[in-house]
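Secondary and tertiary structure notes
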Amino acid sequence: MKSGNDFFEQVWQVVALIPHGRVTSYGAIARYLGSAQASRTVGYAMNASHASTVKIPAHRVVNRNGLLTGKNWFGGPDVMQQLLESEGMIIENDKIVDFEKRFWDPNKELTV
DNA sequence: AACTTGACGGTCA
DNA sequence: ATGACCGCCAAGT
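Predicted model, so just to flag it, every value in this text is computed and none were measured. (Residues numbered from 1 in each chain as written. Chains lettered and ligands numbered in written order. Predicted model: local features only at pLDDT ≥ 70, side-chain atom pairs only at ≥ 80, totals over all residues. Heavy atoms only, no water.)

As for helix H3 (residues 39–47)
Restricting attention to buried positions, one finds in H3 the residues Val42, Ala45 and Met46. Across the axial projection of H3, the buried residues extend over an arc of 105°, all falling on one side. Relative to its buried face, H3 has exposed residues pointing more than 90 degrees away, namely Arg40 and Tyr44. (Buried < 20%, exposed > 50% of the residue type's maximum accessible area, 1.4 Å probe, protein only. Helix = DSSP H or I, 4+ residues; strand = E, 2+ residues; numbered from the N terminus. Arc of directions from axis to C-beta.)

With respect to the pattern of salt bridges
Applying the stated rule across the entire model yields 4 salt bridges. For Asp105, the salt bridge goes to Arg31, with nearest N and O atoms at 3.7 Å. With Asp105 in the loop between helix H5 (99–102) and helix H6 (106–109) and Arg31 in helix H2 (residues 26–33), this residue pair connects regions lying 74 residues apart in the sequence. A relative accessible area of 12% places Asp105 in the buried class. The residue Glu87 makes a salt bridge to Arg60 at a minimum N-O spacing of 2.8 Å. You can see Glu87 sitting in the loop between helix H4 (79–86) and strand S3 (91–92) and its partner Arg60 sitting in the loop between H3 and strand S2 (61–62), a full 27 residues away along the chain. (Salt bridge = Lys/Arg side-chain N within 4 Å of Asp/Glu carboxyl O.)

So, the protein's contact with DNA strand B
Close to DNA strand B lie 16 residues, the nearest being Ser39, Arg40, Gly43, Arg64 and Trp73. Gly43 places a polar main-chain atom, nitrogen or oxygen, 2.9 Å from a base nitrogen of DNA strand B. Residue Asn47 places a main-chain N or O atom 2.9 Å away from a base nitrogen belonging to DNA strand B. For the surface near DNA strand B, the secondary structure elements donating two or more residues are H2 and H3. Among the elements that take part in the surface near DNA strand B, H3 stands out by supplying 6 residues, more than any other. Its residues assigned to classes, the surface near DNA strand B shows 6 nonpolar, 8 polar and 2 charged. (Near = heavy atom within 4 Å. Polar contact = N/O pair within 3.5 Å; in protein donor to acceptor, adjacent residues only side chain to side chain. Nonpolar A, V, L, I, M, F, W, Y, C, P; charged D, E, K, R; others polar.)

Re the packing of H2 against H3
The geometry of H2 relative to H3 is characterised by a closest axis approach of 8 Å and an angle of 105° between their N-to-C directions. Viewed along their axes, H2 and H3 adopt a mutual orientation that is roughly perpendicular. Contacts between H2 and H3 involve Tyr26, Gly27, Ile29 and Ala30 from the former and Ser39, Val42, Gly43 and Met46 from the latter. Here the contact of H2 with H3 is built from residues that sort into 5 nonpolar, 3 polar and no charged. (Axes fitted to C-alpha atoms, helices over the stretch in contact; angles between N-to-C directions. Parallel < 35°, antiparallel > 145°, perpendicular 65-115°, else oblique. Contact = heavy atoms within 4.5 Å.)

From the geometry alone we can't say anything about function, so treat these as descriptive.
Structure below.
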């Protein structure tokens, strides 16, 4: 049937599993899928998340620095930050404070 | 059909 | 410690 959508669907699946008040990185998701260096593709999947019927909390996904790289993709440069703060997250200078503590690793939590 | 770009990450110089 | 390049997968032009 369809081909190539597997990667995106898996990414959406993992992102949808991110607990409230937690965040993860593109690389962590990519690694969970088996392609640690395909992190850019993960970000691309986020961009295509609107195509998914599932609700994708993309605001909980940031780069490995905890920086809100895709904040500009939420319809506003501050929307992503507002969403994260709304979940108890602390954002400073477009960066997640205590990112390590808020970090949610699918490989670790889901135990592949 | 081919080349370039993209919400990243890691390694090398 | 800082800067630059390569690798990965898919989509857009």
